[in-house]
Amino acid sequence: MNNHRVIAVCGKGGVGKTAFTTLLTKVMIEDPQAGKLLVVDADPALGLHYALGRKEIKTIGTVRDEILRVAEEGDRQAQEELADKVDYLTARVLDEGKDFSFLAMGHMESKGCFCSVNDLLQQAISYLTDEFNTVLIDGEAGIEQINRQVVEKIDTLIVLTDSSFRGMKTISHIKEMRDEGLLPFCKKIGVVFNRTRNDVSKLEAFAKELGLEIFGAVPMDEEVEAYDSEGKSLLELPENNPALVAVRQVYKKL
Ligand SMILES: Nc1ncnc2c1ncn2[C@@H]1O[C@H](COP(=O)(O)OP(=O)(O)OP(=O)(O)O)[C@@H](O)[C@H]1O
Ligand SMILES: [Mg+2]
């Protein structure tokens, strides 16, 4: 596919990355121009599949554990080689759906000198990128994963923050990394404020001072919170839900 892009969502723990990624998924499903979509859970702690309404999932981590367990009983070398074959792993882990496909990294129980799941996820994404128009990634909390470069190339990095001191620290940190030339693989970087109340102008002033692009703000929304606490998929939110409406605006800016 000629026309494809990678969008990654990052930010400190608990800032709303998973909820935002799910709302963006919903917005992209609605857009007939968006094309084929792959949504990736790059957080080893998992959780995105619940918000997306998928109950049973396989992860790169669990499938590799399975392969390595079989290897202990059989032809060890052959199985270990298989465990590092990204096309084989991807075929077993990719959950294809009508509206979007889903891939989860997970984590591994097996110890030994195997490729890390993080490296395998990077390979799997590179391998799959051509088949999708958009790859949307829900990242692990913090900025470590960006440092480790979980994807070879990110077209748009969305840094999500709330109004907390630590949230703001994270965006300044990302800005410093960009200025020091540490993020050459990120083409475009922008900030989204999440769970805003009446504090948007203060937040915008802060981001402007830093010289970061602002993609938008998503309000504090009780319905989002309620769906999440009941384990209901955020894809089922009503069309006029205020957080969803705000994410539609963000999508236009990406
Ligand atoms: N705009 C919003 N309005 C109200 N509640 C929200 C909003 N965005 C996220 N939340 C709530 O905040 C909590 C944390 O959200 P979420 O799990 O998406 O964060 P996260 O950044 O993915 O966390 P983690 O770093 O643990 O992966 C959830 O209970 C979620 O429902
Ligand atoms: Mg999350």
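Since the model is a prediction, treat every value here as computed from it, not as a measurement.

Colleague: Looking at this structure, I do not really get the overall build of the protein. What am I missing?
Modeller: The helix and strand inventory of the protein stands at 11 helices and seven strands. In summary, the protein has a C-alpha radius of gyration of 18 Å against a globular reference of 18 Å for 254 residues, a match within 12%. Its C-alpha atoms put the protein at 60 × 40 × 35 Å along the principal axes. Each of the 254 residues in the protein was classed as buried or not, and the buried ones make up 51%. Excluding contacts between residues fewer than 6 apart, the proportion of contacts in the protein whose partners are at least 24 apart in sequence is 76%. Carbon and sulfur atoms make up 48% of the accessible area of the protein, which amounts to about 12200 Å² in all. Charge-centre separation for the protein: the mean point of 31 positive side chains lies 4 Å from the mean point of 42 negative side chains.

Colleague: Would you mind going over unusual backbone geometry with me for this structure?
Modeller: Excluding glycine, residues mostly have negative phi values, and the peptide bonds linking residues are mostly trans. Non-glycine residue L46 carries a positive phi angle of around 60°. Along the chain, L46 falls in the loop between β2 (37-41) and α2 (48-51). Among the residues examined, L46 registers a relative accessible area of 29% and is labelled partly exposed.

Colleague: It is not clear to me how helix α5 (residues 86-93) should be interpreted in this structure. Could you clarify?
Modeller: It helps to recall that an α-helix has 3.6 residues per turn; residues three or four apart then point in one direction. Looking at α5, one finds that the buried residues are V86, L89, T90 and V93. Projected onto a plane normal to the axis of α5, the buried residues spread over an arc of 100° and lie on a single side.

Colleague: Sorry if this is basic, but what is going on with the state of the cysteines here?
Modeller: By definition, a disulfide links the sulfur atoms of two cysteines through a covalent bond. What the rule picks out here adds up to zero disulfides. Between C10, a free cysteine, and C186, which holds the nearest cysteine sulfur, the sulfur-to-sulfur gap is 8.0 Å. Look at C186 and you get buried, because its relative accessible area is 8%.

Colleague: Explanation requested: the site of ligand 1 in the structure shown.
Modeller: Close to ligand 1 lie 18 residues, the nearest being K17, T18, R195, D221 and D228. Contact distances for ligand 1 include 3.0 Å between a nitrogen atom and a side-chain N or O atom of N194. Taking R195, its side chain carries an N or O atom lying 2.6 Å from an oxygen atom of ligand 1. For ligand 1, whose free accessible area comes to 630 Å², the fraction covered by protein is 78%.

Colleague: Quick question: what am I supposed to make of the pairing of strand β7 (residues 213-219) here?
Modeller: Remark: a regular strand shows side chains that alternate across the two faces of the sheet. Here strand β6 (residues 186-196) pairs with β7 via six bridges, running parallel. Bridged to G190 within β7 is E213. In the classification by handedness, the crossover that spans β6, the intervening helix α9 (residues 200-210) and the parallel β7 is right-handed.

Colleague: Got a minute to help me understand the packing of aromatic side chains in this structure?
Modeller: Geometry of an aromatic ring pair is reported as the spacing of the ring centres plus the angle between the planes. Enumeration over the complete set of coordinates arrives at zero aromatic pairs. Directly above the ring of F100 sits R54, whose terminal nitrogen or CZ lies 4.3 Å from the centroid.

Colleague: Any chance you could explain the packing of helix α8 (residues 165-179) against α9 here in plain terms?
Modeller: Each pair of packed helices can be described by the angle between their axes along with the distance between the axes. The geometry of α8 relative to α9 is characterised by a closest axis approach of 10 Å and an angle of 20° between their N-to-C directions. Overall, the two elements α8 and α9 adopt an arrangement that is roughly parallel. In the crossing of α8 with α9, the sense of the turn from one axis to the other is right-handed. In contact with M168, I171, S172 and K175 of α8, α9 contributes L203, F206 and L210. When its residues are assigned to classes, the contact of α8 with α9 shows five nonpolar, one polar and one charged.

About the thresholds
Residues numbered from 1 in each chain as written. Chains lettered and ligands numbered in written order. Predicted model: local features only at pLDDT ≥ 70, side-chain atom pairs only at ≥ 80, totals over all residues. Heavy atoms only, no water. Helix = DSSP H or I, 4+ residues; strand = E, 2+ residues; numbered from the N terminus. Rg over C-alpha atoms; globule rule 2.2 N^0.38 Å. Buried < 20%, exposed > 50% of the residue type's maximum accessible area, 1.4 Å probe, protein only. Contact = heavy atoms within 4.5 Å. Areas by Shrake-Rupley, 256 points an atom, 1.4 Å probe, with all protein chains shown as cover. Lys, Arg positive; Asp, Glu negative; His and termini not counted. Charge placed at Lys NZ, Arg CZ, Asp CG, Glu CD. Arc of directions from axis to C-beta. Disulfide = S-S within 2.5 Å. Near = heavy atom within 4 Å. Polar contact = N/O pair within 3.5 Å; in protein donor to acceptor, adjacent residues only side chain to side chain. Pairing = 2+ DSSP bridges. Right-handed = clockwise from strand over helix to strand, strands pointing away. Phe/Tyr/Trp six-rings, centres within 6.5 Å; stacked < 30°, edge-to-face > 60°. Lys NZ or Arg CZ within 6 Å of the ring centre and 35° of its normal. Axes fitted to C-alpha atoms, helices over the stretch in contact; angles between N-to-C directions. Parallel < 35°, antiparallel > 145°, perpendicular 65-115°, else oblique. Left-handed = near helix turned anticlockwise from the far one by under 90°. Nonpolar A, V, L, I, M, F, W, Y, C, P; charged D, E, K, R; others polar.

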